[in-house]
Amino acid sequence: MEIKREIYEAIVSYPAETPPEVGGIIGSREWPVIDMFVGDPGKKGPFGCSYVPDTTFLNETIRQWLQEGILFQGIAHAHFHGVRTLSDGDRAYIRRIIEAMPAQIKSLYFPIIVLPERELVPYKAELADGELVIVEDLLKVV
Ligand SMILES: [Zn+2]
């Protein structure tokens, strides 16, 4: 995952130190470099402490970005207590999002903002023959 330094800084400084988990949408004007971020306070999840994307906001932003030539690249969200791995809930919404994408979008990024370290762990998700494959990607800040 290639990302502009100012956007990287914006993402890792977005979440507050305390729950609830929040996230945001990442996009690319100059693909494949991620150079857009819009924060999303999310919706209250069933367990109170997990990020649930606000899909109305998400879809509205993706549509608006398309008109401006910005490609949706995925969703970042925060984890507390240094948790660097995706939860089952995360995997469930990643599947829903990636299955709803137009066919030309082959993969998306779902980076975790790890707190309190404010470190970004980039996960890349793609569908391979209908199977969801998620791998940790290399982070390149440009
Ligand atoms: Zn999560």
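For the structure itself, consult the block above.
Caption draft 1: Broad picture of the overall build of the chain. Looking only at helices and strands, the chain has three helices and 12 strands in total. Computed over C-alpha atoms, the radius of gyration of the chain comes to 14 Å, within 12% of the 14 Å expected from 2.2 N^0.38 for 142 residues, which places it in the range of a compact globule. With the C-alpha coordinates aligned to their principal axes, the bounding extent of the chain is approximately 35 × 30 × 30 Å. Scored against the burial criterion, the 142 residues of the chain give a buried share of 30%. In the chain, once contacts between residues fewer than 6 apart in sequence are set aside, the share between residues at least 24 apart is 62%.

Caption draft 2: A look at the environment of arginine 96. Among the secondary structure elements, arginine 96 is positioned in helix 3 (residues 88-99). For arginine 96, a count of 11 C-beta atoms within 10 Å puts it in the exposed group. For the pair arginine 96 and leucine 66, spaced 30 residues apart in sequence, the C-alpha separation works out to 20 Å.

Caption draft 3: Here's a closer look at the environment of isoleucine 62. Positionally, isoleucine 62 belongs in helix 2 (residues 55-67). In this structure, the C-alpha to C-alpha distance between isoleucine 62 and valine 121, residues 59 residues apart in sequence, is 23 Å.

Caption draft 4: How the structure looks around the pairing of strand 2 (residues 23-28). Of all the six residues making up strand 2, six are buried; the element is thus mostly covered by neighbouring parts of the structure. Burial along strand 2 is two-sided: the face carrying Gly23, Ile25 and Gly27 and the face carrying Gly24, Ile26 and Ser28 are both buried. Pairing analysis gives five bridges linking strand 2 to strand 3 (residues 36-40), with the strands arranged antiparallel. Looking across to strand 3, one finds that glycine 23 is bridged to aspartate 40. Sheet topology places strand 2 next to strand 6 (residues 71-79); six bridges connect them, and they run antiparallel. By the bridge assignment, glycine 27 is partnered in strand 6 with phenylalanine 72.

Caption draft 5: Quick look at unusual backbone geometry. Omega for the peptide link from tryptophan 31 to proline 32 comes to 5 degrees, which places this bond in the cis form. Locating proline 32 in the fold gives a position in the loop between strand 2 and strand 3. In this structure, proline 116 follows leucine 115 across a cis peptide bond, with omega equal to 10 degrees. Phi is positive for arginine 118, which is not a glycine, with a value near 55 degrees. Mapped onto the secondary structure, arginine 118 falls in the loop between strand 8 (112-114) and strand 9 (119-121). The partly exposed category is assigned to arginine 118, around which 15 C-beta atoms lie within 10 Å.

Criteria and cut-off values
- Residues numbered from 1 in each chain as written.
- Predicted model: local features only at pLDDT ≥ 70, side-chain atom pairs only at ≥ 80, totals over all residues.
- Helix = DSSP H or I, 4+ residues; strand = E, 2+ residues; numbered from the N terminus.
- Rg over C-alpha atoms; globule rule 2.2 N^0.38 Å.
- Buried ≥ 20, exposed ≤ 12 C-beta atoms within 10 Å, placed from the backbone.
- Contact = placed C-beta atoms within 7 Å.
- Pairing = 2+ DSSP bridges.

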